[in-house]
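Residue-level listing of the chains:
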There are 2 protein chains.
Amino acid sequence: MGANAIVGQSGGPTAVINASLAGVFSVCRASGAKTVYGMCHGVQGLLKEELVNLSEKLASPLALELLRRTPATYLGSCRYKLPDYRQNPEPYETLFSVLKKYDIGYFFYIGGNDSMDTILKLSDYAAATSSDVRFIGVPKTIDNDLMLTDHTPGYGSAAKYIGVTVKELVRDSTIYDLKSITVVEIMGRNAGWLAAAAALAEGEDCEGPAMICLPETPFDTERFVEQAARLQSKTPSLVIAVSEGVRTADGCYVAELGDSLSTDPFGHKNLTGTARYLCGLLGERLHTKTRAVELSTLQRCAAHIASQTDVQEAYQAGGAAAKAAFEGCTGMMVGLTRLSDDPYLCVTELHDIHHVANFEKMVPQDYFDADNGRMKPAFLDYALPLIQSEVTQTMVRGLPQHLRLT
Amino acid sequence: MGANAIVGQSGGPTAVINASLAGVFSVCRASGAKTVYGMCHGVQGLLKEELVNLSEKLASPLALELLRRTPATYLGSCRYKLPDYRQNPEPYETLFSVLKKYDIGYFFYIGGNDSMDTILKLSDYAAATSSDVRFIGVPKTIDNDLMLTDHTPGYGSAAKYIGVTVKELVRDSTIYDLKSITVVEIMGRNAGWLAAAAALAEGEDCEGPAMICLPETPFDTERFVEQAARLQSKTPSLVIAVSEGVRTADGCYVAELGDSLSTDPFGHKNLTGTARYLCGLLGERLHTKTRAVELSTLQRCAAHIASQTDVQEAYQAGGAAAKAAFEGCTGMMVGLTRLSDDPYLCVTELHDIHHVANFEKMVPQDYFDADNGRMKPAFLDYALPLIQSEVTQTMVRGLPQHLRLT
C-alpha cells in the first residue's frame, strides 16, 4: 500500500474547488499520508508526470487559509476523457506506473461529471489489475447537475453571486422613466439550476427578475415575446434571466437562431449570444430599449462573494473523501445529503461511483412554473440555505488575496 | 428664502450615488431644513411635480444605513439637458414655480458632466431673475472624467470591482494548459480611467492583465495583434483589458469595425462588441482560443464590493454640498482635493460651477505606458487609496439588503 496521496482538479473552475483541495490535503496529512502530491492540470499532467509537492507548498496555515479563498483551480485543470481500458490500456499503464513511482496509495479527483467518469474508470482498472490504490471523487460544479448529491459544492457560491448580481442589475436597470428590458444570460447548457438562482434576488426590497427561462422547458419565441409584452405593460423596466442553453422544441439553441455558433476545442458549441439574440428580437417586436448582460465566467470565479456554507461544505467534502480513502474505501464519490431545510442540516455520504457518473440532474418540475417563468417556493426552500453567510476575505491593497502556484 | 430643500439624481448609476443622497439629506436635516424633498427621475420628474418627501421616507436610522448600501439611484434618474434659458425660458419658469410652490430654498443635484451643466444653467437663471434659491452640484460618475476634482465619487467602487473581477478572471482563465486569450471589455467612452483600473489586479499573487488598451491612445490593429502574439509566446493564457471606447487613429470605434452599431435613445452609439470583435480578430490571426467578457452594467452597480473610502467620500461630498448651501453658497460644485497619497488624505472644496461643467478629464500620459499597454506606478499611487476598505453589508437571506422607493 502506497504511503503517499495525490489530488487533482478537473473541469471548469468554481469559487470553492480549492476549498475541497484544502480539505483533501488537511485530512490526508492528519491521517498520516507521508507526502501529499498535486497533479498539475489533472490527469493530463499526471500522464506527463507533472506533480507538485503540496506538503511543501501548503505547509503554512496562512497558505491553507488563502487556498480556501482562491477561485479557479490552484493546480490547474484539464478536460481529459480516459478511453475504455479494454480498448486502450496505454494511458492506464502510464498513470499507474507514475502512481507506483511516487508510492501513491490514495488518489483524489475533484470535479464534475467527466471527472467522476475518470474515478470510475481508474477504480475499475485498479480492481481488474488488483491494484490497491484507492480512488475517491469529490464533487464540484457550479452547474449542480450531479446525481445522488443534494447539491454540488460550487453551486451555492455561483447562486449567491447570481442572486446578488441580478438584484443589483434590477436596481440599475429600472432607474429611468422609460421602457427597457435587460436580458441576463446565465450559464447552464442543459440544466437550469444557475438561471433559477436569479429568483433569489426577489424580496421585500427587490422585484426580482420578471421572467426566468430554463433549458428544461422548450423555448417558444412567440410566447416569450407575448409574455414580455404583457409584463412590460405593467412594469416598463424589466429584467429577464435566461439560461444560455435554452432551446426550441426541435432542439435548436436560441443562441443559434442569431449568428452561427463557433465550437470550442472540446466540441461543445459556444452558446454565448442568447441574450443578444433575444434583445434584438424584443427591441424589434416591442420597440423597447434593451440591454444584454452576460454573466460569463464571472459567475464561476466570484470568490469575493462566495457562500460560506458552500466553502465549508466543499472543505468537508474534500476532507470526507480523504477520511474514506484512509478507512479503506475506493470507487466512491462523496455526496451531500440534506437532512433538513430549516434548520439547514447536511452531511456527507459515500456513493458507489457507478451510480453517479455520466448522469445529469435537471431542475424538477415542482421547482419551476414554466407557464409564468417563475421559480416555485420549493426551489427557494432548496436554494436559500446554500447561499447563506459570507467568507471573511483576506484583503490586501484593497483586493482579496489569493494563493497562486509558483 | 425657502425653508425646504430638494435633491435629485441624474445620469448613469453608481454604487455610491445614494451615499451622496444620504449625505445631502442628513446635513440638510441637521442644518434646519423644514422638509427635504426628492425629485423622482431628476429634473425631468421635477418638471412634472413628481416629488417624494424624504424627511418621511428616510426618518429611520436603518433606512439611512440601507440607503448608503443601495446601488443605482434611489430616486430614479434621467438624462435631461436644459436648453439655454435665453432661447427657451419655459422649462425654467415651470421648474422655479414648482420650487416656489414647495418653498424650496436649497437645490442639490448629484450627477456627472450633464448634471453639472444643469446646476450651471439653473444658478445662472436664478442670478438673472434674482431668485434666492441656492444650487449646489455633487459629483458622481464611475467614469472619473470630471474636472477640478481629484476623482469622482463612484470611481473608487467601480475601480475596486474591476480590480477584484479582473483578478478573479486571471485565475479563471489560466487554468488549462493551452493557448487562450480573454478580452475584458470595460466601460469608458472617451476616458480610460475604468479600464486602467484593471491594472490594480496585479500583485505578488496575480500576474494581472497582460495588456491594457485605453481610448486616449489611438488603437492600431496590427500592433495590437503583434503585441498579443509576443505576450502569448511567453505566457500561453492571457487576459487583456480594453476600454469600450478604443478607436483607431481616424476616429473609428473598434466596436464599429465588426458589426454596425445601434444607437441608444440619447444618440450615443452602443459600443458593446469591442471585446467580441477583438476576440474574433485574435482567434483568426493567432489561432488561439478566445473569450470575450463584458463587465457591462455590473461594474457600475456592484455595491456588494463597494470601496468604503468611496462610500464615505460620497457621503461627505453630499454633506459638504448641504453645508455650503446653508452657509450661503450657490452655483458651486463640491470637489475632492487630495492632500497626500500616503497617508491618503482628501478634503472637500467648492468650485465655481462655470469652471467644471462640460469638460472631460482624460488619463494623463504619465499614468500610461501606451507602447507596452501598461499602467505606470504613478497611476497605482493615484488609484490604490480609492479602493481601500470594504462596507459591512446588511445581509438578509444571503443577499445585501437595499432600500427601495415605494
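Residues numbered from 1 in each chain as written. Chains lettered and ligands numbered in written order. Predicted model: local features only at pLDDT ≥ 70, side-chain atom pairs only at ≥ 80, totals over all residues. Heavy atoms only, no water.

So, about the overall build of chain A. Regarding its fold elements, chain A presents 14 helices and 15 strands. Judged by the C-alpha coordinates and their principal axes, chain A covers about 70 × 45 × 40 Å. Put simply, chain A has 406 residues, and 62% of those count as buried. Excluding contacts between residues fewer than 6 apart, the proportion of contacts in chain A whose partners are at least 24 apart in sequence is 76%. Summed over its atoms, the accessible surface of chain A is roughly 14400 Å², and 49% of this surface lies on carbon and sulfur atoms. Looking at charge distribution, chain A has the averaged site of its 36 positive side-chain charges lying 5 Å from that of its 47 negative ones. (Helix = DSSP H or I, 4+ residues; strand = E, 2+ residues; numbered from the N terminus. Buried < 20%, exposed > 50% of the residue type's maximum accessible area, 1.4 Å probe, protein only. Contact = heavy atoms within 4.5 Å. Areas by Shrake-Rupley, 256 points an atom, 1.4 Å probe, with all protein chains shown as cover. Lys, Arg positive; Asp, Glu negative; His and termini not counted. Charge placed at Lys NZ, Arg CZ, Asp CG, Glu CD.)

The final tally for this structure, using the stated rule, is 36 salt bridges over all chains. Put simply, Asp84(A) and Arg86(A) hold a salt bridge, and the shortest N to O gap is 3.2 Å. The class of Asp84(A) is partly exposed, set by a relative accessible area of 29%. A salt bridge links Arg300(B) to Asp172(A); the nearest nitrogen and oxygen atoms lie 2.7 Å apart. Of this pair, Arg300(B) sits in helix H12 (residues 298-301) while Asp172(A) sits in helix H7 (residues 155-173), each in a different chain. (Salt bridge = Lys/Arg side-chain N within 4 Å of Asp/Glu carboxyl O.)

Another point: the sheet that holds strand S3 (residues 51-53) of chain B. Residue and element names in this part refer to chain B. Spatially, the seven strands line up as an open sheet ordered S3-S2-S1-S4-S5-S10-S11, and their pairing is mixed. Edge positions in the sheet fall to S3 and strand S11 (345-352), since each of these pairs with one other strand and no more. Strand-to-strand twist of the sheet, defined as the mean angle between neighbouring strand axes without regard to direction, takes the value 30 degrees. Note: strand S1 (residues 4-9) against strand S2 (residues 36-39), three bridges, orientation parallel. Bridging from a neighbouring strand, alanine 5 pairs with valine 36 of S2. Set on the sheet, helix H1 (residues 17-30) makes contact with S1, S2, strand S4 (104-111) and strand S5 (134-139); between it and S1 the angle comes to about 175 degrees. Sheet contacts for helix H13 (residues 308-326): S4, S5, strand S10 (332-340) and S11; angle to S5, the most-contacted strand, approximately 165 degrees. (Pairing = 2+ DSSP bridges. Axes fitted to C-alpha atoms, helices over the stretch in contact; angles between N-to-C directions.)

Right, let's talk about the sheet that holds strand S8 (residues 237-243) of chain A for a bit. All names here are of chain A. Read across the open sheet, the four strands follow the order S7-S8-S6-S9; overall the sheet is parallel. Across the chains shown, the open sheet's two edge strands, defined by having one partner strand only, are strand S7 (211-213) and strand S9 (289-294). If you compare each strand with its neighbour and ignore which way they point, the axes differ by 20 degrees on average. Where strand S6 (residues 180-186) and S9 come together, six bridges link them in parallel fashion. Bridging across to S9, serine 180 finds its partner in lysine 289.

The geometry of an aromatic ring pair is captured by two quantities: the separation of the ring centres and the angle between the planes. Residues and elements named next belong to chain B. One pass over the structure, following the stated rule, counts 32 aromatic pairs over all chains. Their ring planes at 45 degrees and their centres at 4.9 Å tell us that phenylalanine 107 and phenylalanine 135 sit as a pair that is tilted. Within this pair, whereas phenylalanine 107 is found in strand S4, its partner phenylalanine 135 is found in strand S5, the two being separated by 28 residues in sequence. Among the residues examined, phenylalanine 135 registers a relative accessible area of 0% and is labelled buried. Centre to centre, the rings of phenylalanine 219 and phenylalanine 224 are 5.1 Å apart; their planes meet at 45 degrees, and the pair counts as tilted. Assigned by exposure class, phenylalanine 219 and phenylalanine 224 land together as buried. (Phe/Tyr/Trp six-rings, centres within 6.5 Å; stacked < 30°, edge-to-face > 60°.)

As a general rule, the predicted coordinates of low-pLDDT regions are not to be interpreted in detail. Residues and elements named next belong to chain A. Residue-level pLDDT values for chain A average 95, and 96% of them are 70 or greater. Here residues 263-267 is a poorly scored stretch, pLDDT under 50, and it has six contacts once near neighbours within four places are set aside; other chains count. Across the interfaces of the predicted complex, the ipTM metric reaches 0.95, alongside a pTM of 0.96. (pLDDT = per-residue confidence, 0-100.)

Residue and element names in this part refer to chain A. In total, this model carries four cavities of 30 Å³ or more according to the counting rule given. Its boundaries defined by the atoms lining it, the largest cavity holds a volume of some 160 Å³. Taken together, 14 residues line the largest cavity, and the ones lying closest to its centre are Cys213, Pro218, Phe219, Arg223 and Ala370. Put simply, the parts of the chain that give the lining of the largest cavity at least two residues each are S7 and helix H9 (221-234). (1 Å grid on protein atoms, 1.4 Å probe; cavity = no way out; pocket = protein on both sides within 12 Å on 5 of 7 lines; lining within 4 Å. Points joined across faces, edges and corners; volume = space filled by probe spheres on them.)

Residue and element names in this part refer to chain A. Where helix H1 (residues 17-30) contacts helix H13 (residues 308-326), the two axes come as close as 7 Å, and the packing angle between them is 35 degrees. For the element pair H1 and H13, the recorded crossing hand is right-handed. Residue-level contacts link Ala19, Ser20, Ala22, Gly23, Val24, Ser26, Val27 and Cys28 of H1 to Val311, Ala314, Tyr315, Gly318, Gly319, Ala322, Lys323 and Phe326 of H13. Counted by class, the contact of H1 with H13 contains 10 nonpolar, five polar and one charged residues. (Left-handed = near helix turned anticlockwise from the far one by under 90°. Nonpolar A, V, L, I, M, F, W, Y, C, P; charged D, E, K, R; others polar.)

Turning our attention to helix H5 (residues 90-101) of chain B. Residues and elements named next belong to chain B. Between the first and last C-alpha of H5 there are 17 Å, a value that for 12 residues agrees with the 16 Å anticipated at 1.5 Å per step. When we look at burial in H5, the residues that qualify are Pro91, Tyr92, Leu95, Phe96, Val98 and Leu99. With its buried residues spanning 155 degrees around the axis, H5 presents them on a single face. In this structure, H5 carries Glu90, Lys100 and Lys101 as exposed residues pointing more than 90 degrees from its buried face. Buried positions along H5 lie against S1, helix H2 (42-47), S3, S4, helix H6 (113-128) and S5. (Expected span 1.5 Å × (residues − 1). Arc of directions from axis to C-beta.)

Take the interface of chain A and chain B next. Each side of the interface is counted separately: chain A has 66 residues, and chain B has 66 residues. Buried surface at the junction of chain A and chain B, both sides included, amounts to about 5700 Å², of which 57% is carbon and sulfur. Viewed at the interface, chain B and chain A are joined by six salt bridges. At the boundary of chain A and chain B, one finds 31 residue pairs in polar contact (both at pLDDT 80 or more). Those elements that provide at least two residues to the side of chain A that touches chain B are H7, S9, helix H12 (298-301) and strand S15 (399-400) of chain A. With 10 residues, H7(A) is the largest single contributor of residues to the side of chain A that touches chain B. (Buried area = accessible area lost by both parts, 1.4 Å probe. Polar contact = N/O pair within 3.5 Å; in protein donor to acceptor, adjacent residues only side chain to side chain.)

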